[in-house]
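# Chains, contacts and geometry: an overview
Each chain is listed here by its residues.
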Amino acid sequence: MNISDVTDEAPGVRTFRLNFQNEDEGKNFKFQAGQFALYSAFGYGESTFCIASSPTRKDYVECTFRQAGRVTNALSELNAGDTIGFRGPYGNVFPIEEWEGKNLVFVAGGIALPPLRSVIWNCLDLRDKYKNITIVYGAKTVADLVYKNELKEWTARDDVNLVTTVDPGGETPDWTGKVGFVPTVVEETAPDSKDTIAIVCGPPIMIKFTLPVLEKLGFKQDKVYTTLENRMKCGLGKCGRCNIGCTYICKEGPVFTAEEISKMPDEF
Amino acid sequence: MEKTLKKEKFNSLITGLKDKGYKTIAPKKDNNLITLCEIQEADEIHFDHVQTNNSIKEYFLPKTEKILSYTIEKTKVSIEEPEGFAVKSVVFGSRPCDAASLPIMDKVFNWDCTDKFWIERREAITIVTIACDKCDSYCFCTSVGLAPDAKQGSDVLLTKISDDEYLVETETEKGEGLIKELETVFSEPPSGTPDRQVATVEKKFEIDKVKPWLDENFVHKIWAEFSTKCIGCGACTFVCPTCHCFDIVDECTMSKGDRVKNWDGCQFKMFTLHTSGHNPRSTQDQRWRQRIMHKFKYYVEKFDNILCVGCGRCSRVCPADMNISEMLEIISTDEGQPEPVSKE
Amino acid sequence: MIEALRKKAEELLKNKTVDVVYGYGEGSVPERTRPVFITKPEDVNKLTWNKYCVYNLTTYLKKQESRKLGKPAIVVKGCDAKTITVLIKESQIKREDIYIIGVTCTGIGDPPATKCKACDVNTPLIYDELIGEKIENKEFSFEERYAELDEYEKLSEQEKWDFWQKQFEKCIKCYACSSICPLCFCDRCIVDKNQPQWIDPSAHPRGNLSWNVTRAYHLAGRCINCEECQRVCPADIPLNLLNKKLAKETEKNFKYRSGYNVDDELAMATYKEDDNQDFIK
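Residues numbered from 1 in each chain as written. Chains lettered and ligands numbered in written order. Predicted model: local features only at pLDDT ≥ 70, side-chain atom pairs only at ≥ 80, totals over all residues.

The helix and strand tally for chain A stands at eight helices and 15 strands. Its C-alpha atoms give chain A a radius of gyration of 18 Å, near enough to 18 Å, the size a compact globule of 268 residues would have. On the principal axes, the C-alpha backbone points of chain A span a range of 50 × 45 × 35 Å. Residue pairs in contact within chain A that sit at least 24 positions apart in sequence constitute 68% of those at least 6 positions apart. (Helix = DSSP H or I, 4+ residues; strand = E, 2+ residues; numbered from the N terminus. Rg over C-alpha atoms; globule rule 2.2 N^0.38 Å. Contact = placed C-beta atoms within 7 Å.)

Of regular secondary structure, chain C possesses 10 helices and five strands. Taking 19 Å as the expected radius of gyration for a compact globule of 281 residues, we find that chain C reaches 19 Å, a close match to that expectation. Principal-axis analysis of the C-alpha atoms gives chain C an extent of 60 × 40 × 40 Å. Relative to its full complement of 281 residues, chain C shows a buried share of 43%. (Buried ≥ 20, exposed ≤ 12 C-beta atoms within 10 Å, placed from the backbone.)

This part is about helix 1 (residues 10–19) of chain B. Residue and element names in this part refer to chain B. Turning to helix 1, its buried residues number three or more, namely Phe 10, Leu 13, Ile 14 and Leu 17. All buried residues of helix 1 fall inside an arc of 95° around its axis, so they share one side. Looking at the packing, one finds that the buried side of helix 1 touches strand 2 (23–30) and strand 6 (89–94). Looking one or two residues past helix 1, Gly 21 carries a phi angle of roughly 85°, positive in sign. (Arc of directions from axis to C-beta.)

Residues and elements named next belong to chain B. The residue Glu 80 is located in strand 5 (residues 76–80) in this model. Taking the number of C-beta atoms within 10 Å as the measure of exposure, Glu 80 has 11 and is therefore exposed. Distance in space between the C-alpha atoms of Glu 80 and Ser 282 is 37 Å, their sequence separation being 202 residues. Excluding anything up to four places from it in sequence, Glu 80 contacts Leu 68 and Ser 69.

All names here are of chain A. Pairing within the open sheet is antiparallel, and its three strands lie in the order 1-2-5. Each edge of the open sheet is held by one strand with a lone partner, namely strand 1 (2–10) and strand 5 (61–66). Adjacent strand axes in the sheet meet at a mean angle of 20°, parallel and antiparallel pairs treated alike. Relative to strand 5, strand 2 (residues 13–19) runs antiparallel, the two being bridged by six bridges. Looking at strand 5, one finds that Arg 17 is bridged to Glu 62. (Pairing = 2+ DSSP bridges. Axes fitted to C-alpha atoms, helices over the stretch in contact; angles between N-to-C directions.)

What follows concerns the interface of chain C and chain B. If you look at the interface, chain C gives 29 residues, while chain B gives 36 residues. Of all the elements in the fold, those that place two or more residues in the side of chain C that touches chain B are strand 2 (33–38), helix 2 (64–67) and helix 7 (176–180) of chain C. Here the element with the most residues in the side of chain C that touches chain B is strand 2 of chain C; it accounts for four residues. Of the residues in the side of chain C that touches chain B, the class split is 13 nonpolar, eight polar and eight charged. (Nonpolar A, V, L, I, M, F, W, Y, C, P; charged D, E, K, R; others polar.)

Let us now look at the nonpolar core. All names here are of chain B. Membership of the largest hydrophobic core comes to 155 residues, with the highest contact counts inside it found for Val 91 and Leu 158. Ranked by residues supplied to this core, first place goes to helix 2 (residues 96–109) with eight residues. Filtering out sequence-adjacent residues up to four positions away, Val 91 remains in contact with Ile 25, Leu 36, Ile 56, Tyr 59, Ile 125, Ile 127 and Val 128. (Core = buried A, V, L, I, M, F, W, Y, C linked by C-beta atoms within 7 Å.)

This part takes up the domain arrangement of chain A. Residue and element names in this part refer to chain A. Under the domain assignment used here, chain A contains domain 1 (2–90) and domain 2 (103–227). If you average the C-alpha positions of domain 1 and of domain 2, the two centres end up 24 Å apart. Elements supplying a minimum of two residues to the side of domain 1 that touches domain 2: strand 1 and strand 5. A per-class count over the side of domain 1 that touches domain 2 returns eight nonpolar, five polar and two charged. (Domains from an automatic or database assignment.)

Further remarks concern the environment of Glu 171 of chain A. All names here are of chain A. Its location among the elements puts Glu 171 in the loop between strand 9 (161–166) and strand 10 (178–179). Once the C-alpha coordinates of Glu 171 and Leu 211 are considered, the two residues, 40 residues apart in sequence, prove to be 25 Å apart. Aside from chain neighbours lying at most four places away, what touches Glu 171 is Val 142, Val 166 and Val 179.

The predicted model of chain A averages 92 in pLDDT, with 100% of residues at 70 or higher. The element-level mean pLDDT for chain A is lowest in helix 6 (residues 204–216) of chain A, coming to 88, with strand 2 of chain A highest at 95. (pLDDT = per-residue confidence, 0-100.)

All names here are of chain C. Along the chain, Asn 45 falls in the loop between strand 2 and helix 2. The class of Asn 45 is partly exposed, set by 14 C-beta atoms lying within 10 Å. Along the backbone, Asn 45 and Ala 9 are 36 residues apart, and their C-alpha atoms lie at a distance of 9.6 Å.

A separate point is the packing of helix 6 (residues 157–169) of chain C against helix 8 (residues 205–219) of chain C. All names here are of chain C. With their axes 9 Å apart at the nearest point, helix 6 and helix 8 run at an angle of 105° to one another. Classified by the angle their axes make, helix 6 and helix 8 are roughly perpendicular. Every residue of helix 8 that contacts helix 6 at Gln 165, Phe 168 and Glu 169 is listed here: Pro 205, Asn 208, Leu 209 and Asn 212. Across the contact of helix 6 with helix 8, the residue classes tally to three nonpolar, three polar and one charged. (Parallel < 35°, antiparallel > 145°, perpendicular 65-115°, else oblique.)

Let's shift gears to the domain arrangement of chain C. On domain assignment, one finds that chain C holds domain 1 (2–131) and domain 2 (142–254). For the side of domain 1 of chain C that touches domain 2 of chain C, a count of residues per class yields seven nonpolar, six polar and four charged.

All names here are of chain B. With 20 residues, helix 8 (residues 284–303) ought to run about 28 Å at 1.5 Å a step, and its terminal C-alpha atoms sit 26 Å apart, in line with that. Along helix 8, the helix axis deviates most sharply at His 294, where the bend reaches about 50°. The element helix 8 is extensively covered by neighbouring structure, given that 15 of its 20 residues are classed as buried. Asp 304 occupies a position one or two residues after helix 8 and carries a positive phi of about 60°. (Expected span 1.5 Å × (residues − 1). Bend = angle between axes of the 7 residues up to and from the residue.)

Residues and elements named next belong to chain B. Taken in spatial order, the seven strands of this open sheet run 1-9-8-7-6-2-3, and their pairing is mixed. Looking at strand neighbours, the two that pair on one side only are strand 1 (2–6) and strand 3 (33–38), the edges of this open sheet. Looking at each pair of strands side by side, their axes are set apart by 25° on average, direction ignored. When strand 1 meets strand 9 (residues 165–170), the two strands line up antiparallel, connected through five bridges. Looking at the pairing, Leu 5 lines up with Tyr 166 of strand 9.

Time to look at the packing of helix 5 (residues 182–189) of chain A against helix 6 of chain A. Axes are the key here: two packed helices are described by the angle between their axes and the distance separating the axes. All names here are of chain A. Look at helix 5 against helix 6: their axes get within 8 Å of each other, and the N-to-C directions meet at 20°. As far as their axial angle goes, helix 6 and helix 5 are roughly parallel. For helix 5 against helix 6, the interelement crossing comes out right-handed. For the pair formed by helix 5 and helix 6, the contact residues are Val 182, Pro 183, Val 186 and Glu 187 on the first element and Met 206, Phe 209, Thr 210 and Val 213 on the second. Classifying every residue of the contact of helix 5 with helix 6 gives six nonpolar, one polar and one charged. (Left-handed = near helix turned anticlockwise from the far one by under 90°.)

Now for the pairing of strand 3 of chain B. All names here are of chain B. In this structure, strand 2 lies alongside strand 3, joined through six bridges in antiparallel fashion. Paired with Ile 25 across the bridge in strand 3 is Glu 38. With antiparallel pairing between neighbouring strands as the criterion, strand 2 and strand 3 make up a hairpin whose turn holds two residues, including Asn 31 at a positive phi of roughly 60°.

Written as structure tokens, this is what we have:
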């Protein structure tokens, strides 16, 4: 793929917009929200990121990553015009058809907004199919919030209720959003659980504290979705690395309901 | 099809295979090791052993192999896929346990998308198995539903019927084809009932009791107690004919490189380590549990097969005497003893 | 000797002098023993001592799974005890944090291990309690101590290179050699580092050579030649030959033998102003 655009989202976090070098491949490429792909920095290796753009926007594919290890550091050295490798889409999808006619609450923390961005835009692009859409998004500090331009877009829309927050101590003098940890803000926002699907993504600690809040608000486990991560190499169910118990995250995930997760062994 | 093969015909067999363009892989003795490796002459073959040091796995899933090559020119990258990796071969002298590992692993390598490196090699290689006429205390094929003369995975099965003669039975069309290609080497089937010399492998545990225990005991003190002595070296996963976990790495020099597939193992500390530093299996007991669970529960649930053929290599090679059949014995007798009770 | 060993272990556990005893127990076949970790006085009958007690149990001092059992007493032979001296000298353990149960030993392994031929530590050089009759430690000449290298040293440089190329071809990169070695205690081995990837993890000639040679170099001047790496290698590579050769060179050039005296300064980790500088040209 060609990198057609690079955006620095936050310190150490970058988004690539990618176009297929082979136009026919680009035309035939299909994916659904929730799926991931493996991106190569040739010479350094591959890394797994979710596809962060929506399947409704067909001309490109986007991914967002944080500089953390060998491959992501190599990727962050690349610029617009450079080639990266791409293979996918892999994994299962958010069942957005089943959510039609319902309210949606998206809860994300920090670098975990990218996995949800695909499904958020997918639903916003098909806005009429859903009732109320609420997004609760928080990060450690204002600088760590990703997709800052899109956050502005969502705030400006009157068919989306966006609640942003930063951790206590992470606010700047001109910050107008909330201050507080994401689980606390979810509790404050108190979305109605009736006919509502919750989609949560964040660091393990955030998920750990958010799920009980949602339960308290009346969300049943099979109405709460999340997307899991584990170390991956092949993405195809062969290399035996990403399993949690019997479940291969690359084949039977990464999208799971809280109910499915409660049945998995405590090994992630 | 049934035939016999006399030992004096081994020379003709090996020469015949060479003439027909087959690479021959057979057990060969090299100092203390008996290894399955390429041979040129029949007198290199060694058959007086219980088990070879390496398993047949490395001819289908090599310890390292290139899966693609790339050339980087400025901002453009061109990719080349490897060819010619599946060499027409015959494995002459595999054991039934090793042969049985192949159809078991076929399931994962054909699950949804197919692994062409595995599949093309499976097509190119013919397996001639020799039934075991002896075993040692590490063997436990009969405990996992196999036998010293099991047919699974073999194209041709040889069974010793006298000091210098083998009964030859073809199990697949491929096997039949091989025998027909070299029919002058083989003799007519024996008259009467041949005296099959097959080892008696004592059953060590009831396999039916293992999965039910594993279903209930993800958390159990025995995982830590049994694995304290484990040093996490991964030798067990590498010599095992059914362990197939692998790693993919890029190796390059400036502008040219290869993407390589290497053996990897769940017993290594870094196997599941995330870049963030989080490790879902950070202690050895969790990794030991994963090995047992994967082989005797997860693979069974996914593919209806135990991911173990009872060859015993892991226990033979283990530096710390972690004996897998002992662990399964403990599990199946439901005692959950922390350390095996002293034999005294 | 077995009775005396069990009695001592029982006493140490009952008095809570230690929380766990690392010892040898019966193995899965008569020709093997296995490492056992005795935490209860009533379990001391699991301890044994015979010619199959080949393990160097000090390797468990680097593992969190065994360390979390508490303060250990370790059963050590003379060769194993040398490891403890090096570990203390390299600040990996404190002398007071372990209890050393030394055993006198006249050779292990069946057939007897190569290292036992010129063994000068039948009685360990460091211990808190000695099990068995004290044996007068023999002294061997420099040539006698490195006699196992004689055949190897007759090879030309090219022959030596070819020999090692052939041996390392067999390597499967299981890292058993490093896992069993008590002195390979780096939290993150050089082979685990990937920014940059100093050593290729692949089991091809370059990857195998770079791994085995790097490990030999990192052990040069430190290895006490317990031969455990050679014992555990699934590919039967004579790893100790390389380590023994480097030990010989260390003794020749630095007059240093690893593990003999806790007061000796480490050959590779000590700087003196009057150090010989002629290797820097």
